[in-house]
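Now for the letters of each chain:
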Amino acid sequence: MQWPWRRRKVVVVVVLRKLLTCAICVIALMGLLSVRVHVFPSSKVSDLTDPYKLPTVTQHELNYQKLSAEKKWTQELTPPHLSKEQAPPHLSKAPLSSHKLNGDNGSLDFEKLWKQPSNRDFVPCVQPGSNYTAPDESRGYLLVHTNGGLNQMRAGICDMVAVARIINATLVVPELDKRSFWQDASNFSDVFDEDHFINALANDVNVIKKLPKDLSSATKVVMHFRSWSGLEYYRDEIASLWEEFQVIRAAKSDSRLANNHLPPDIQKLRCRACYEALRFSPKIEAMGKLLVDRMRAYGPFIALHLRYEKDMLAFSGCTHGLSDVEAEELRTIRENTAYWKIKDINATEQRSRGYCPLTPTEVGIFLTGLGYPSNTPIYIAAGEIYGGDTHMADLRSRYPILMSKEKLASVEELEPFTNHASQMAALDYIVSVESDVFIPSYSGNMARAVEGHRRFLGHRKTISPDRKALVRLFDKIEKGLLMEGRKVSNRISEIHKKLQGSPRRRRGPVSGTKGMDRFRSEEAFYVNPLPDCLCKRVSGNVNASTASMR
């Protein structure tokens, strides 16, 4: 009589055990999913804090897909030549930390490190006013020879678009500088999307690819346009040249147009040219997108523009931390470079004034002081670092996930761009604009261009080191008068509290400066397009264009 009862008891026990096992499995699965979310938080951050994330352009995406198929670029998030230690966290045994990132100076919330500054409702507003008309009948042709590196040329090209509008000229697609320090033989179409440039500006300026053959023998004049010139100079002095010449050639393009006090429609045209018309060639865009995707596999990342290359150090005369042999090599380069006018430079004085790029070691102290932990992924946007591993060792010991285009892509993938400095710089530019945080070690052309572009795209977080203040801290640490720790971290964080890319008006000239020095002291137009190209959001429709870096 007891057997049925015992059998029921056994059945109940078995059922309870199965239910308990299922419950444990569900809890474990939820835990794994939770870790997965925290390992890759970057997409969540972008969606919540970056309302001006670059949109998908249908035709351009088709071009990208077609080009990718033709080149057979791999879409893997990690290229095969990376070691397990360098592989993204989901492919390695050591995952990134979860919601809180723990640095040597304590625990800092994820948001404090990666949260974007408030854009205060500023949005792009670059469409012309109601009285803006199609380009007037062309009075002649404007030839432009750009000068400098990639970003100096970019700014010059956009200025010349505005100049062509002012003087009623047909703009011939500009020639890129092939004689600069980098000796890059790239043509305009190798670096930029030429057809898009022409079509995007159709309602502003007539642009053609080449000067018509019947004008090859036409009367030309070569002009060095006056630096930082306003509307009157071009409308009166330069436009009057059409009475005698059919073709005007601009010998240089950098800093030929004033930063301020130009008509609103001209300022907006400069922004349309820079942020909409002047996008990179399809092959550069495709490779840049692949690099960004591969960096995203590590989670939120910093793009560090480490301006510690031979040309920069030779030009600036900065030798702190270098050997006597290295310092002499740089002095010789500066002495033998004819167009670098200043030869005798006091390196100590340069550094104390904040005129030197931070060294890799100083960058490491700076990042640690800001609170970024050792497992922070960092993309090095730079050319060849002077001294290589010798000078990078300390930074790498602090932040081992140091990546670059050469590490993220295989030799075969980078082959189309190798030996073309402007194209390689364009790849760094794309990753820098798209990074979660951008930090330049020096305020050169690249740093300024990226900062301005990130401001235009919603004031993405850009931390600009106060080099003059930091040098004083670094010197005390080097002399043993101050130890790295909470005190240093608090000081660095306080100094840079308001230097993270939040909205502000473009700075005017430094008080007391006169003549050309007054213009030189102004903040450049492309560093900060506010107020000309950014407006407060209003309810309903906004006079804003589609923001696109391409």
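Residues numbered from 1 in each chain as written. Predicted model: local features only at pLDDT ≥ 70, side-chain atom pairs only at ≥ 80, totals over all residues. Heavy atoms only, no water.

Asks: Would you mind going over the pattern of salt bridges with me for this structure?
Replies: Pairing between side chains of opposite charge can happen when their charged atoms approach one another. Per the counting criterion, the structure on display carries 32 salt bridges. Glu194 serves as the salt-bridge partner of Lys209, at 3.8 Å between the closest nitrogen and oxygen. Taken as a pair, Lys209 in the loop between β6 (207-208) and β7 (220-223) and Glu194 in helix α7 (residues 194-200) lie far apart in primary sequence, 15 residues in all. Taking the relative accessible area as the measure of exposure, Lys209 reaches 43% and is therefore partly exposed. (Salt bridge = Lys/Arg side-chain N within 4 Å of Asp/Glu carboxyl O. Helix = DSSP H or I, 4+ residues; strand = E, 2+ residues; numbered from the N terminus. Buried < 20%, exposed > 50% of the residue type's maximum accessible area, 1.4 Å probe, protein only.)

Asks: Even after reading the chapter, I still don't get the packing of aromatic side chains, so can you show me in this structure?
Replies: On inspection of all chains with the given rule, the structure shows 11 aromatic pairs. Each ring, one from Phe188 and one from Phe192, has its centre 5.1 Å from the other, and the planes form 45°; the classification is tilted. Pair check on accessibility: Phe188 and Phe192 agree, each one buried. Their ring planes at 55° and their centres at 5.2 Å tell us that Phe188 and Phe197 sit as a pair that is tilted. Assigned by exposure class, Phe188 and Phe197 land together as buried. Through pairs of rings, three or more aromatic residues link up here, namely Phe188, Phe192, Phe197, Phe280 and Tyr429. If you follow Arg272 out to its NZ or CZ, it ends over the ring of Tyr132, 5.5 Å from the centre. (Phe/Tyr/Trp six-rings, centres within 6.5 Å; stacked < 30°, edge-to-face > 60°. Lys NZ or Arg CZ within 6 Å of the ring centre and 35° of its normal.)

Asks: How should I be thinking about the sheet that holds strand β12 (residues 437-440) in this particular structure?
Replies: Across the sheet, which stays open at both edges, the four strands sit in the order β11-β10-β9-β12 with parallel pairing between neighbours. The sheet is open, and its two edges are formed by β11 (402-403) and β12, each paired on a single side. As paired strands, strand β9 (residues 302-305) and strand β10 (residues 378-380) are joined by three bridges and run parallel to one another. Note that in β10 the partner of Ile302 across the bridge is Ile378. The sheet strands contacting helix α18 (residues 421-434) are β9, β10 and β12, and the helix crosses β10 at an angle near 155°. (Pairing = 2+ DSSP bridges. Contact = heavy atoms within 4.5 Å. Axes fitted to C-alpha atoms, helices over the stretch in contact; angles between N-to-C directions.)

Asks: Looking at this model, I keep getting lost on unusual backbone geometry. Mind explaining?
Replies: Excluding glycine, most residues fall at negative phi; most peptide bonds, likewise, are trans. Omega for the bond connecting Leu530 with Pro531 falls within 30 degrees of zero, at 20°, which places this linkage in the cis form. Residues other than glycine seldom take positive phi values, yet Asp121 does so here, at roughly 65°. Residue placement: Asp121 occurs in the loop between α4 (110-114) and β3 (122-124).

Asks: Explain the packing of helix α10 (residues 282-296) against α18 to me, please; I cannot follow it from the model alone.
Replies: Each pair of packed helices can be summarised by the angle the axes make with each other and by the distance between the axes. Between α10 and α18, the least distance of the axes is 9 Å, while the angle of their chain directions is 45°. Here α10 is positioned oblique relative to α18, judged by the angle of their axes. Here α10 runs over α18; the crossing is right-handed. Here Lys283, Ile284, Glu285, Met287, Gly288, Leu291, Val292 and Arg296 of α10 lie close against α18, whose contacting residues are Gln423, Ala426, Leu427, Ile430, Val431 and Glu434. Of the residues assigned to the contact of α10 with α18, the class counts are eight nonpolar, two polar and four charged. (Parallel < 35°, antiparallel > 145°, perpendicular 65-115°, else oblique. Left-handed = near helix turned anticlockwise from the far one by under 90°. Nonpolar A, V, L, I, M, F, W, Y, C, P; charged D, E, K, R; others polar.)

Asks: Explanation requested: the packing of α18 against helix α19 (residues 445-456) in the structure shown.
Replies: At their nearest, the axes of α18 and α19 sit 9 Å apart, and the two run at 40° to each other. Comparing the axis directions of α18 and α19 gives the class oblique. Here the hand of the crossing between α18 and α19 comes out right-handed. Between α18 and α19, the contacting residues are Asp428, Tyr429, Ser432, Val433 and Glu434 on the first element and Met446, Ala449, Val450, His453 and Arg454 on the second. Here the contact of α18 with α19 is composed, by residue class, of five nonpolar, two polar and three charged.

Asks: I'm lost on the environment of Glu523 in this one. Help?
Replies: Relative to the assigned elements, Glu523 resides in the loop between α22 (515-520) and β13 (534-536). By relative accessible area, Glu523 is classed as buried at 9%. Sequence separation between Glu523 and Arg448 is 75 residues, and the spatial gap between their C-alpha atoms is 9.6 Å. Among the polar contacts made by the side chain of Glu523, one reaches the side chain of Arg504 at a distance of 2.8 Å. There is a polar contact of 2.8 Å between the side chain of Glu523 and the backbone nitrogen of Arg507. (Polar contact = N/O pair within 3.5 Å; in protein donor to acceptor, adjacent residues only side chain to side chain.)

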